[in-house]
Amino acid sequence: DFLMLLAPAIILRSDFDLQKKSSLSLLYSNMATKIVNGQSAEPTLKTLLSSPDLESEYLTCVSQKTSALFAGVAEGVCIIGDLNDLERKATSEVFSEMGDLFQIQDDVLDLYGNKQRDIVGSDIKEGKVSFLIVQHLIHFPDDALRIREILEKPRDLTTDDEVQFLIRLFKESGTLARVLASLLKRKQTICSQAPTSIQSFVKTLCEEILNPLAHL
């Protein structure tokens, strides 16, 4: 919250002309609004575990709470660099997709990697609906009740055994493999759609995002 409040002051104190300050301020306001809106919508996802719209609701949430940040920063750089509207739009769209890539990677990392937190399954214990859960329920909807029971528990009552149960479930059912395949496909799409001038940078950044999952 502190950093989000500080950022507009940085824009206003910059040496940019009035037009750039105005454009950046409006962009920042829109970006911050999306992030807060997406973050506030996240807890409602676990009420939709049996809904056929779960995947689209998840992606809508992610597009705001995570991808809006990627897209907003990229568009801000375009404004500073005097790119035209078409270039700004194309760059923003590519980085929005990269935000999705990052969030899905982050979901996987919570259970199958080092998220640099004290415990494995922090997101599960916080009751968050991950992309793994979304993809699993598409293929195994009968598991919704058991998964809901785990997600709805208070953080301190969610056991390590329950986290390990989900780790095994997603791996043995093929859900983890499907999500990893989805990540690679998304990476290929992002790299192919990136404007030529930044294609190499985008490829490098996508590889950095996925690098923590290389062991999988």
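Residues numbered from 1 in each chain as written. Predicted model: local features only at pLDDT ≥ 70, side-chain atom pairs only at ≥ 80, totals over all residues. Heavy atoms only, no water.

Draft legend 1. Region of interest: helix α9 (residues 160-172). Relative to the 18 Å expected for 13 residues at 1.5 Å per residue, α9 spans 18 Å between its end C-alpha atoms, a close match to the ideal helical length. Among all positions in α9, only E162, V163, L166, I167, L169 and F170 are buried. Seen end-on, α9 carries its buried residues on one side only, within an arc spanning 165°. Exposed side chains of α9 directed beyond 90 degrees from the buried face belong to D160, D161, K171 and E172. Summarising the contacts, the buried residues of α9 are in contact with α5 (85-112), α6 (122-125), α7 (131-139), α8 (144-151) and α10 (175-193). (Helix = DSSP H or I, 4+ residues; strand = E, 2+ residues; numbered from the N terminus. Expected span 1.5 Å × (residues − 1). Buried < 20%, exposed > 50% of the residue type's maximum accessible area, 1.4 Å probe, protein only. Arc of directions from axis to C-beta. Contact = heavy atoms within 4.5 Å.)

Draft legend 2. Structural context of the nonpolar core. Ranked by size, the top nonpolar core spans 45 residues in total, and within it L49 and I133 carry the most contacts. The set of elements that each furnish at least two residues to this core consists of α3 (54-65), α4 (67-80), α5, α7, α8, α9, α10 and α11 (199-210). Element by element, the count of residues in this core is highest for α5, at nine residues. Those residues in contact with L49 that sit more than four places away from it in its chain are L54, V129, I133, L137, A144, I147, R148 and L151. Counting residues in each nonpolar core, the second largest holds nine residues, with I11, I35, A68 and I79 among its members. (Core = buried A, V, L, I, M, F, W, Y, C linked by side-chain atoms within 4.5 Å.)

Draft legend 3. The side chain of R186, seen in detail. Take R186: it is sitting in helix α10. Residues contacting R186, with those up to four places away along its chain left out, are L59, E97, D100, L101, I104 and F131.

Draft legend 4. Molecular detail of the state of the cysteines. One pass over the structure, following the stated rule, counts zero disulfides. Free of any disulfide, C78 has its nearest neighbouring cysteine sulfur in C206, separated by 16 Å. Taking relative accessible area as the criterion, C78 reaches 5% and is therefore assigned buried. Considering cysteine sulfurs only, C206 is the nearest to C191, which forms no disulfide, with 4.4 Å between them. (Disulfide = S-S within 2.5 Å.)

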